Amino acid sequence: MEASLPVEKADRQPWRWGHLILVLVVAATWLGLSGMNLWMGELNQDEGWYLYAAGQMRDGRLPYRDFAFTQAPLMPVVYAVGYHWVERLGVAGGRALTWVFGTLSLLAAVWLAMRAGPRRAQRLTGGICFILAAINIYQSYFTTIVKTYALSGMFLAAGLALLSFVGRRRAFRAASASGFLLACAAATRISLGAALALGGLYLLLCRKRLKAWAWLDFALGGGVGLALTLLPFMALGQDGFRFGILEYHTLREAGPWAIQLAYKAGGLARLIQAYFPAAVIGLFLVVAALRAMACQRSSTPPPAPSPPAPPPDDIAPCFNSFLWVVVVVLALVHLAAPFPYDDYQVPVYLIFCVALAATAARWWVRMESRWLANCVGRVRSVRRLGLLTGLWLVCSLYAVSSPLAQGWFVAGRDRIWWRLRDQSPVAQLQDMGRWVRELTLAEQGTHLLTQDTYLAVEAGLPVPHGLEMGPFSYYPDWSRDRAEQLGVLNREMLRDVLITATNAPIAAFSGYSLSIRSPEVAHVDREDRLAFDAILEDEFDHVESVPGFGQAGTTLDIWRRKPVEDADAEDPAPTDAE
């Protein structure tokens, strides 16, 4: 007996090393994807006006009241606290801060998955969730660039994880904290308010199986969270708050129903492409469930598996089913948008991974109980290790074969030739930021005239008032009073800024600038485009054109404002004879 113990320990040692090696390899793959997306990932126009709003808040200005903002207010509040990262590192610092929130959201999702899955396979459940969420290049990209998804996903996953602790014996701290965090998710991305409503409804429906008044504790936490994060901005912003949170997102129309269906079908297709490994696993589980239901109705059912273990007392009842409801409802809310961009589902995908991992782990445990009932624990451990290793291999191969990975090194295609990048998008932005700052200071300017706000953030220069929303600042058909009230520019005001903003001697316009009219988010009229071009020719000297800049690799044109005497010489005053 005593002699067999060292042999048994030595027999287990290789499998423990196997688990350790897998953890290290998965972590290295995740960090590699994150690092490449941080430095090599394509720029996004939203990064600019999100970070610019945070900088404005750091300087004491408030969104909705002092400048336009079309998202919920919590993100610029949080990023204003960490804005020293942006001051030191520019947009790369903002991405690093976003990666921190993305990492916390990933850990919260794994924690939630381990609670929602079977107790006999917690590590398996957490491993499946982590690999599906972390080894996905699309998810990694959109939780690394400066978007609302990482922060809102962190609040969403953490809030749902705390909600799982609500039970018969304890409720107040878990329910109230969960309500508060889900309110913060809604205050970061307003569409996630549906999760807050679903959480309250879930506790209300399960009130007889939980501690008394748990739903009221949840409502208290949610109410406090909404009051702290939204009410101050609602009171101070008033019309600007109502427009930025509600009206802006309803004024955009997609057109006839056929076009709307085409947009939604395209969004779903891109979503499946982005999350293909998880979609295949989900489809497999659906087929397995349908097959099991069909076998139960047949005359010769298969051998019945052992009954599932009763749910533990430390997790809320029917919680995995509740998670699936949250996933479906949030996905439908985003799909109902006039233009349902596939990246809207990024924070929802975290919860999808949680529910999918918990369901897959339960199926795997049932299969083990049916086919491996007489096997020792080491055999089960080896099979689970093989499952996770295979999942990592599939997700890794899918990630490196993605067009996003190709975009790290390829800037596009010229007929049959691939154009390789000379430098990363972030490095190019840093170079352009330093250059336009030097040009501006040499002309004794204080502002940068641009709608590419990430360039202004990188240069450390403000933009003229009304351009804080970057390419989405132009509302040509609005009256001057309404535009001034909401902090945007109408047709006359934008032309005035181009002509009279003498504190901005340098103008920098990419293909996104002077090209989009809001709130429709459509191309500017031809007359507007010709008028803008004429003003630039009259008021500025062209300095340089930089191809392949920023989002979508458009051309960045740098302009220097003409001295006053030069402009007067080109437009002489009429003489008495005239």
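Each remark here, short or long, concerns the structure printed above.
On a predicted model such as this, the values are computed, not experimentally measured, just so you know.

Scoring rules and cut-offs
Residues numbered from 1 in each chain as written. Predicted model: local features only at pLDDT ≥ 70, side-chain atom pairs only at ≥ 80, totals over all residues. Heavy atoms only, no water. Helix = DSSP H or I, 4+ residues; strand = E, 2+ residues; numbered from the N terminus. Rg over C-alpha atoms; globule rule 2.2 N^0.38 Å. Buried < 20%, exposed > 50% of the residue type's maximum accessible area, 1.4 Å probe, protein only. Contact = heavy atoms within 4.5 Å. Areas by Shrake-Rupley, 256 points an atom, 1.4 Å probe, with all protein chains shown as cover. Lys, Arg positive; Asp, Glu negative; His and termini not counted. Charge placed at Lys NZ, Arg CZ, Asp CG, Glu CD. Salt bridge = Lys/Arg side-chain N within 4 Å of Asp/Glu carboxyl O. Phe/Tyr/Trp six-rings, centres within 6.5 Å; stacked < 30°, edge-to-face > 60°. 1 Å grid on protein atoms, 1.4 Å probe; cavity = no way out; pocket = protein on both sides within 12 Å on 5 of 7 lines; lining within 4 Å. Points joined across faces, edges and corners; volume = space filled by probe spheres on them. Pairing = 2+ DSSP bridges. Axes fitted to C-alpha atoms, helices over the stretch in contact; angles between N-to-C directions. Parallel < 35°, antiparallel > 145°, perpendicular 65-115°, else oblique. Left-handed = near helix turned anticlockwise from the far one by under 90°. Nonpolar A, V, L, I, M, F, W, Y, C, P; charged D, E, K, R; others polar.

Student: Explain the overall build of the chain here, please?
Tutor: Assigned secondary structure in the chain consists of 25 helices and eight strands. Whereas a compact globule of 578 residues would reach a radius of gyration of roughly 25 Å, the chain reaches 28 Å, a difference of no more than 12%. When each of the 578 residues of the chain is scored for burial, the buried share is 51%. The long-range fraction of contacts in the chain, counting pairs at least 24 apart against all pairs at least 6 apart in sequence, stands at 72%. If you sum the accessible surface of the chain, you get close to 27600 Å²; carbon and sulfur atoms cover 63% of it. Positive and negative charge centroids in the chain, built from 51 and 49 side chains respectively, lie 23 Å apart.

Student: When you look at the pattern of salt bridges in this model, what are you seeing that I'm missing?
Tutor: Oppositely charged side chains can pair when the atoms bearing their charge come close. All chains considered together, the criterion is met by 24 salt bridges. The partner of Arg-58 in a salt bridge is Glu-87, and the shortest N-O contact between them spans 2.2 Å. Here Arg-58 is found in helix 2 (residues 45–58), whereas its partner Glu-87 is found in helix 4 (residues 83–89), with 29 residues between them in sequence. Linking Asp-528 and Arg-491 is a salt bridge whose minimum nitrogen-to-oxygen distance equals 2.8 Å. One end of the pair, Asp-528, is in helix 24 (residues 526–539); the other, Arg-491, is in helix 23 (residues 491–500), and 37 residues separate them in sequence. Relative accessible area serves as the criterion here: at 24%, Arg-491 is assigned to the partly exposed category.

Student: It is not clear to me how the packing of aromatic side chains should be interpreted in this structure. Could you clarify?
Tutor: Each aromatic ring pair is summarised here by two numbers: the centre-to-centre distance and the angle between the ring planes. Taken as a whole and assessed by the stated rule, the structure comprises 33 aromatic pairs. Taken together, a centroid distance of 5.4 Å and an interplanar angle of 90° make the contact between Tyr-138 and Tyr-275 edge-to-face. Pair noted here: Tyr-138 is in helix 7 (residues 137–142) and Tyr-275 is in the loop between helix 14 (257–274) and helix 15 (276–297), with a separation of 137 residues, a long-range link. Neither residue differs from the other here; Tyr-138 and Tyr-275 are each classed as buried. Ring geometry for Tyr-202 versus Phe-319: centroids 6.1 Å apart, planes at 70°, classification edge-to-face.

Student: Where do I start with empty space enclosed by the protein in this structure?
Tutor: Space left empty within the atom packing is revealed by a probe, the size of a water molecule, rolled over the atoms. Taken as a whole, this structure holds three cavities of 30 Å³ or more when the rule is applied. Taken as a whole, the largest cavity holds about 140 Å³ of empty space. Lining the largest cavity are 14 residues, with Trp-30, Gly-102, Leu-106, Ala-133 and Thr-143 sitting closest to its centre. Broken down by element, the lining of the largest cavity gets its largest block of residues, five residues, from helix 5 (residues 91–116).

Student: Looking at this structure, I do not really get the environment of Gly-412. What am I missing?
Tutor: Here Gly-412 is to be found in strand 1 (residues 410–414). Taking the C-alpha atoms as reference points, Gly-412 and Ala-158, 254 residues apart in sequence, are found 40 Å from one another. Apart from residues no more than four positions distant in its own chain, Gly-412 is found in contact with Trp-417, Trp-418 and Arg-419.

Student: What am I meant to see in the pairing of strand 7 (residues 540–549) here?
Tutor: Regular strands place side chains that alternate from one sheet face to the opposite one. With seven bridges connecting them, strand 7 and strand 8 (residues 554–561) associate as antiparallel partners. For Glu-544, the partnering residue across the bridge sits in strand 8 and is Ile-558.

Student: Honestly, the packing of helix 5 against helix 17 (residues 346–371) in this entry has me stumped. Any pointers?
Tutor: What describes two packed helices is the angle between their axes and the distance between those same axes. Between helix 5 and helix 17, the least distance of the axes is 9 Å, while the angle of their chain directions is 30°. Regarding the angle of helix 5 to helix 17, the classification is roughly parallel. Pair helix 5 / helix 17 crosses with right-handed handedness. Side by side, helix 5 and helix 17 meet where Ser-105, Leu-106, Ala-109, Leu-112, Ala-113 and Ala-116 of the first sit next to Leu-350, Ile-351, Val-354, Ala-358 and Arg-362 of the second. In terms of residue class, the contact of helix 5 with helix 17 is built from nine nonpolar, one polar and one charged.

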